[in-house]
Amino acid sequence: MAERRRVDYSVHRDVMHKETVDNVFNPIHNTTTVREKVQKSVSCSGPRAKKCLVGSVPVVSWLPRYSFRENILGDIISGISVGIMHLPQGMAYAILASVPAVYGLYSSFYPVLVYFIFGTSKHISVGTYAVMSVMIGGVTERLAPDSAFSVFDNVTGEAIINTTLRDVERVKVAAAVTFLSGIFQVLLGLVQFGFVVMYLSEPLVRGYTTGAAIHVIVSQLKYTFGISPTRFSGPLALIYTVLEICSLLPKTNLGTLVVSAVSIVCLILAKELNAYLGKRLPVPIPVELLGIVVATVVSWQVDLNGRYGIDVVGGIPSGLQPPALPKVSLFSQVIGDAFAISVVGYGLAISLGRIFALKYGYKVDSNQELIAFGLSNTFGGIFQCFAISCSMSRSMVQVSTGGRSQVAGALSAVVILVITMWIGQLFEDLPKAMLAAIIYVNLQGIMKQFMDIPALWRSNRIDMVACLCPLLSHHSILNNLFSYFRPTYSLLGQIPDTDIYRPLNSYEQVKKVPDVVVFRSSATLYFANAEMYQEALGRKVLVCSPPLQQVESDGAEMKDVAVIDVEPEQDPSLPRAIVLDLSPVNFLDTVGVKTLKNIKNDYEEIGIKVVLTGCLPGVLHDLQTGGFFNDKVTKCCVFSSIHDAVLHCQCHCGTETTYF
């Protein structure tokens, strides 16, 4: 390590209390009245109306600027690849939702087209998802149980299930809860409730999805073993279901079990081969599509249903269903489920959308996403779809095959339309055990999240509790809403001839530190405000650089994006260093530590030094256990006071330093 230059300084000034500071340095008072703020918020003008239209219907903004030459080939390949994945996943997740398989294809068509018009994420694949399907399945089976459609067969003398009437009623229930969840999402989006996603911590979401995955697996065991367990409800329903399945194992259909085992092994081996050859193939091998094609052909040739009693998908009508208003009388019975589905579906989608947006340099509007998913579910409910979100596996394929915009999603919907109109009937002999195998294999990634528990135990045990017990976090959500609703972010400046630093907009005499940005948040840094912290820092840093430029990326308009050209020598208009004042921070969770790591890495890549100051012992411990420090990032970047950090940065950057 290069020899560090030692800087000594001493401070000579009068001791000043708050009244002295106010009298000497003239505080700045905000004179804007509440009435003026309200008038400004409700005023309307031509440019503001245009901005509102573009914000509400994003396709109006980006589609006219779409670059066919640069994007269309990648979007076509991506759209076809994702459309092929929609077929097996849509049918499998329809079984999870306890509705006929064809309704999974409808749910992969109508909502995707609506999102194409109103969505802001370029890379997520909207459509069916396992967690949403199992939540819908819980509602449909509760309100339309098998027992309600049991009829006496005079020939056999046994009770049988009228599956036709049962499925019709379950489709009505699924459509009603989907329609109502869409209404909730639209209303929440209109009142700017998109910020609620900030209060869903990463461990909480991961813990919830892992728990849901366990329910999904248990719900599919009946198709794996060819048995018909009784449905249970209540807090211990999962345990009762497992016990019921264990008691029915002697009645296992061996043919179904063989099909399940062979399907799972083949899918896993094929996916591993896909991963091994991933870099050598232009597009991934459509493993799931090949699987259902082979399974259907074998089932048809051998007559698995007739000879061995293996349950198959059954009739798949061709064409699309006409629109129909949901059954309003069901709303009162599904209102709680609809609200839960609306929040969970949005939370999963926006979390994934923000990951891709951060990676590829654009912004996802959280409130507009609420409206987009709300309209997708509302229209979907009218066309007998069930609630949708987004799929990680399909989204990764969409990105890896060259998808660069929402056009890829629209093209995947066209693929599903072709399948629904002309090809769907060919899969009537597909064994349901194959669909269950697809679900099991796709849940591998979620089940690996169990490995989060030992990692969180070592780094942050509060996050581990939130991961293990999502219900315990409801209290913390209320505390977050009241205590940390909207933090204040400030640029600090120096009071002349002192080592005192105050917000630049608080006193007339406060001066900005040359070449150094001193940044402070009024609240602690944790999962709920981590993204706001990062965005606010970016805005404050831009105060020190030239005005924002309007640029185009991938043929779509992107506003308020700072373009920084990295030259051999740093742009002199940019700050040389950033001092993060963490004195208001009393703890850091795993998301907070990750945010600070990203800030330090991202800014230092473009030549802007980042240091920390004001860290409490607990915060230093969180940084240590969270992996912030390593061989390259040591505690030499942490200072005891803002003035120490500023002097270090000025010395490091070669800026003229004033000693007091």
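Residues numbered from 1 in each chain as written. Predicted model: local features only at pLDDT ≥ 70, side-chain atom pairs only at ≥ 80, totals over all residues. Heavy atoms only, no water.

What follows concerns the overall build of the protein. Of regular secondary structure, the protein possesses 27 helices and 12 strands. Put simply, of all contacts in the protein between residues at least 6 apart along the chain, 82% involve residues at least 24 apart. (Helix = DSSP H or I, 4+ residues; strand = E, 2+ residues; numbered from the N terminus. Contact = heavy atoms within 4.5 Å.)

Right, let's get into helix α5 (residues 68-96). Largest kink in α5: about 30 degrees, centred on H86, with the proline P88 one to four residues after it. A positive phi of about 65 degrees marks S98, the residue just after α5. (Bend = angle between axes of the 7 residues up to and from the residue.)

A word on the UniProt feature "transmembrane region" (unreviewed entry) in the protein. Under the local residue numbering, the UniProt record ascribes the feature "transmembrane region" (unreviewed entry) to residues 101-118, 173-200, 334-358, 370-388 and 408-427. End C-alpha atoms of residues 334-358 are separated by 36 Å, and the span's content is 100% helix alongside 0% strand. Counting secondary structure, residues 370-388 comes out at 68% helix and 0% strand; the distance between its end C-alpha atoms is 12 Å. (UniProt positions renumbered as here; feature names shortened; annotations may be inferred.)

To continue, consider the nonpolar core. Core analysis: the biggest nonpolar cluster contains 70 residues, and L87, M91, V99, I136, I292, L430 and L435 have the highest contact counts within it. Of all the elements, helix α19 (residues 432-442) adds the most residues to this core, at 8 residues. The residues contacting I292, other than those within four sequence positions of it, are L87, P88, F427, L430, M434 and I438. Membership of the second largest hydrophobic core comes to 35 residues, among which are Y489, F519, A528 and I578. (Core = buried A, V, L, I, M, F, W, Y, C linked by side-chain atoms within 4.5 Å. Buried < 20%, exposed > 50% of the residue type's maximum accessible area, 1.4 Å probe, protein only.)

Geometrically, a pair of aromatic rings is defined through the distance of the ring centres and the angle of the planes. Within the structure shown, the criterion is met by 13 aromatic pairs. With 5.9 Å between their ring centres and 5 degrees between their planes, Y489 and F519 make a pair best called stacked. Of this pair, Y489 sits in strand β5 (residues 489-494) while F519 is found in strand β7 (residues 516-521), placing the two residues 30 residues apart along the sequence. With respect to burial, Y489 and F519 carry one shared label: buried. Grouping aromatic residues by their ring pairs yields a cluster made of W62, Y66, F68 and F116. One residue, K122, lies across the ring of Y362, its end atom 4.9 Å from the ring centre. (Phe/Tyr/Trp six-rings, centres within 6.5 Å; stacked < 30°, edge-to-face > 60°. Lys NZ or Arg CZ within 6 Å of the ring centre and 35° of its normal.)

All right, on to a nonpolar patch on the surface then. A cluster of nonpolar side chains, contributed by L320, V414, V418, M421, W422, I423 and L426, occupies part of the molecular surface with about 640 Å² of accessible area. Tracing the backbone shows W422 in helix α18 (residues 407-423). (Patch = residues over 30% accessible without salt bridge, like charges linked within 9 Å, V, L, I, M, F, W, Y side chains within 5 Å. Areas by Shrake-Rupley, 256 points an atom, 1.4 Å probe, with all protein chains shown as cover. Salt bridge = Lys/Arg side-chain N within 4 Å of Asp/Glu carboxyl O.)

Across its 12 residues, helix α11 (residues 237-248) extends 16 Å between first and last C-alpha, which sits within 8% of the 16 Å expected from 1.5 Å per residue. Looking only at α11, the buried set comprises A237, T241, E244, I245 and L248. Burial along α11 is one-sided: seen end-on, the buried residues are contained in an arc of 100 degrees. (Expected span 1.5 Å × (residues − 1). Arc of directions from axis to C-beta.)

Here we come to the pairing of strand β10 (residues 577-581). Successive side chains on a regular strand alternate, one facing one side of the sheet and the next facing the other. Across the 5 residues of β10, 5 count as buried, placing the element largely inside the fold. Bridge analysis of β7 against β10 gives 5 bridges, and the strand direction is parallel. In the strand pairing of β10, V516 is matched with A577. Where β10 meets strand β11 (residues 609-613), 5 bridges bridge the pair, whose relative direction is parallel. Counted as the bridge partner of L580 is L612 from β11. The handedness of the β10 to β11 crossover, carried by helix α25 (residues 590-605), is right-handed. (Pairing = 2+ DSSP bridges. Right-handed = clockwise from strand over helix to strand, strands pointing away.)

For the rest of this paragraph, the subject is the packing of helix α13 (residues 287-302) against α19. In the contact formed by α13 and α19, the axes pass within 10 Å of each other and the chain directions differ by 160 degrees. When the axis of α13 is compared with that of α19, the two are roughly antiparallel. Helix-helix and strand crossings are classified by hand; for α13 and α19 the assignment is right-handed. Listed contacts from α19 to E288, G291, I292 and A295 of α13 are M434, I438 and N442. When its residues are assigned to classes, the contact of α13 with α19 shows 4 nonpolar, 2 polar and 1 charged. (Axes fitted to C-alpha atoms, helices over the stretch in contact; angles between N-to-C directions. Parallel < 35°, antiparallel > 145°, perpendicular 65-115°, else oblique. Left-handed = near helix turned anticlockwise from the far one by under 90°. Nonpolar A, V, L, I, M, F, W, Y, C, P; charged D, E, K, R; others polar.)

A word on the side chain of N253. Following the sequence through the fold, N253 ends up in the loop between α11 and α12 (254-276). Only 3.0 Å separates the side chain of N253 from the backbone nitrogen of G255, close enough to count as a polar contact. Among residues more than four places away in sequence, those in contact with N253 are F225, G226, Y308, G309 and I310. (Polar contact = N/O pair within 3.5 Å; in protein donor to acceptor, adjacent residues only side chain to side chain.)

Scanning all chains against the criterion turns up 10 salt bridges. Taking the shortest distance from any N to any O, the salt bridge between R170 and D146 comes out at 3.2 Å. Here R170 is found in helix α9 (residues 163-190), whereas its partner D146 is found in the loop between α8 (130-143) and β2 (150-152), with 24 residues between them in sequence. By relative accessible area, which is 35% here, D146 ends up partly exposed. A network of salt bridges, in which partner residues are shared, links D146, R166, D167 and R170.

This paragraph deals with the sheet that holds β11. Paired through backbone hydrogen bonds, the strands of a sheet run either parallel or antiparallel to each other. Spatial strand order, β6-β5-β7-β10-β11-β12: 6 strands in an open sheet with mixed pairing. Since the sheet does not close on itself, it has two edges, and those belong to β6 (501-503) and β12 (638-639), each with one partner. Against the sheet, α25 contacts β10 and β11, and its axis sits at roughly 150 degrees relative to β11.

Below, the discussion takes up empty space enclosed by the protein. If you walk through the whole model with that rule in mind, you get 5 cavities of 30 Å³ or more. In this structure, the largest cavity spans a volume of roughly 80 Å³. Lining the largest cavity are 13 residues, with Y115, I124, V126, Q406 and G409 sitting closest to its centre. (1 Å grid on protein atoms, 1.4 Å probe; cavity = no way out; pocket = protein on both sides within 12 Å on 5 of 7 lines; lining within 4 Å. Points joined across faces, edges and corners; volume = space filled by probe spheres on them.)

Along the chain, I264 falls in helix α12. Its relative accessible area of 22% is what places I264 among the partly exposed residues. Counting along the chain gives 176 residues from I264 to Y440, while the straight-line C-alpha distance between them is 7.7 Å. Ignoring any residue separated from it by four or fewer positions in sequence, one finds I264 in contact with A437, Y440 and V441.

Moving on to the pairing of β7. Counting buried positions along β7 gives 5 out of 6 residues, so the element sits mostly inside the fold. The pairing of β5 with β7 spans 4 bridges and is antiparallel. Looking across to β7, one finds that S490 is bridged to R520.

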